[in-house]
Amino acid sequence: MIEVLRQLPLYFFAISFAFISYTSLRISGPIGGGEVSLLIAFIMLLFYLRNQFQVLRLADILSVFWIILLLMLLGGYLSAVIKQLDMIGKSAHDFLSFIFCYMSYLSFTNLVKVHSLKRVLRFCVSFGFASVIFLLITAFYSGDFLSLLLTRFHGFSKNPNQLALYALILMYFSLCLFRLDDKSKWLSIGCFLLSFICGVLTKSDAFFLAVVMFIYSSLVLVTTRHIITRVSVWKKIFSWMFVICTTVGLLVFIGSLIATLSDISSDGGQGSIRFLLWENGLEAMFTAPIFGVGPGAWSGLSYPLQGHEAHNTFIDFGNSFGLVGVFAYMFLLCHSSFYLLKSRSYTVFCLFWAISIFSVFHYVLRFPFVWVAIAIPAMFYSELKRTDSKVLSNPFI
């Protein structure tokens, strides 16, 4: 009985991850099958661990961050209600979303305590892999293959960008598992590739840019190894040529992307709308620059505080939690990056920052498993330290 109780929260947590992108099937507001499974996992962990359930660890920066964020969340929500802005910005929706995010973070950290990071990731990747297979099979049999290639694939998400974010997070989890667990290599590779295909089918510009930056930065880091180590002169010359060529190629790609966005903006298309939302979002942020307006969407098409998202994580999070929140979030990204660099897992580091690049074009911090992705690096380093020292000797995995 005790062993069953020990395993069940892990199963429900993995089920939550599998269904978290099914936003079109939500029951009400931000609550769907994934959120319900997450709540069940959280309650079971509370029941199983009881007094050993960890909420606040002063040594853990992310744990302290969340306590401060929750206080700001509550204060910001009450402020929005008092100012009668809560209905405009849908503050209750965001408030509940962040509660589920915190629940996801607590469930994950306590599951790692009970099991291990390797085991939790293996479950998440396995269930995520099954979910992506189900989405692709469903899409293939519900319509012709040509329409799947020509239209933007969104599965059971409300829009394709939500599925693109899920695919990117699943790629990140798969790469972490590949680094940690020799027994799950093929599972990790299969899940990584299928998640990449799923992300490509969404035709998300942010996903493409994130993946291009991930591939570029990973290749540059690998070739840099030949430049800084003792290898033949010809290998060093080849490495320098490769870095220069890939950098030129990246600059051409970014230049064409900027030109496309400029053309779209001048035609009054999606690009101009996005830039307008960013501009009004920044104006909204500086109406309450220190602690923010409170949870909700505070940009607009015509003016600030109109109830629209800015579709930029840094702006939207700044609207809700002010410059204090933005700088705290940026510190968390640097803190997590430090542990990935310390573990010498440079490809994982590159994919971690690829998610951050994606977040420039979409608001990702209400997605519960983004906070799991931020929590992984410190645990990732600790788990690698417990393994054979040879694991840390090869940084280019």
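The following refers to the structure shown. (Residues numbered from 1 in each chain as written. Predicted model: local features only at pLDDT ≥ 70, side-chain atom pairs only at ≥ 80, totals over all residues. Heavy atoms only, no water.)

A count of helices and strands for the protein chain gives 15 helices and zero strands. Counting over 397 residues, the protein chain shows a buried share of 48%. Relative to all contacts within the protein chain whose residues are 6 or more apart in sequence, the contacts with residues 24 or more apart total 75%. (Helix = DSSP H or I, 4+ residues; strand = E, 2+ residues; numbered from the N terminus. Buried < 20%, exposed > 50% of the residue type's maximum accessible area, 1.4 Å probe, protein only. Contact = heavy atoms within 4.5 Å.)

We now examine the pattern of salt bridges. Enumeration over the complete set of coordinates arrives at five salt bridges. In this structure, the salt-bridge partner of Arg 366 is Asp 94, at a minimum N-O distance of 2.7 Å. Taken together, the residues Arg 366 in the loop between helix H14 (346–359) and helix H15 (368–386) and Asp 94 in helix H5 (residues 91–114) connect sequence positions 272 residues apart. One salt bridge in this structure joins Asp 182 and Lys 185, with 3.5 Å as the shortest N-O distance. (Salt bridge = Lys/Arg side-chain N within 4 Å of Asp/Glu carboxyl O.)

Okay, H14 next. Here H14 spans 20 Å end to end across 14 residues, near enough to the 20 Å set by a 1.5 Å rise per residue. The buried fraction of H14 is high, at ten of 14 residues. (Expected span 1.5 Å × (residues − 1).)

On the secondary structure map, Asn 280 appears in helix H12 (residues 270–285). Reaching out from Asn 280, the side chain makes a polar contact with the backbone oxygen of Gly 300 at a distance of 2.6 Å. Beyond its immediate stretch of four places on either side in the chain, Asn 280 contacts Ser 299, Gly 300, Leu 301, Ser 302, Tyr 303 and Pro 304. (Polar contact = N/O pair within 3.5 Å; in protein donor to acceptor, adjacent residues only side chain to side chain.)

Between helix H3 (residues 61–82) and H5, whose axes approach to 11 Å, the crossing angle comes to 165°. Overall, the two elements H3 and H5 adopt an arrangement that is roughly antiparallel. When the axes of H3 and H5 are compared, the crossing they make is left-handed. Between H3, through Leu 62, Ser 63, Trp 66, Ile 67, Leu 69, Leu 70, Leu 73, Leu 74, Tyr 77 and Ala 80, and H5, the contact on the second element is made entirely by Ser 91, Ala 92, Phe 95, Phe 98, Ile 99, Cys 101, Tyr 102 and Tyr 105. When the residues that make up the contact of H3 with H5 are grouped by side-chain class, the tally is 16 nonpolar, two polar and no charged. (Axes fitted to C-alpha atoms, helices over the stretch in contact; angles between N-to-C directions. Parallel < 35°, antiparallel > 145°, perpendicular 65-115°, else oblique. Left-handed = near helix turned anticlockwise from the far one by under 90°. Nonpolar A, V, L, I, M, F, W, Y, C, P; charged D, E, K, R; others polar.)

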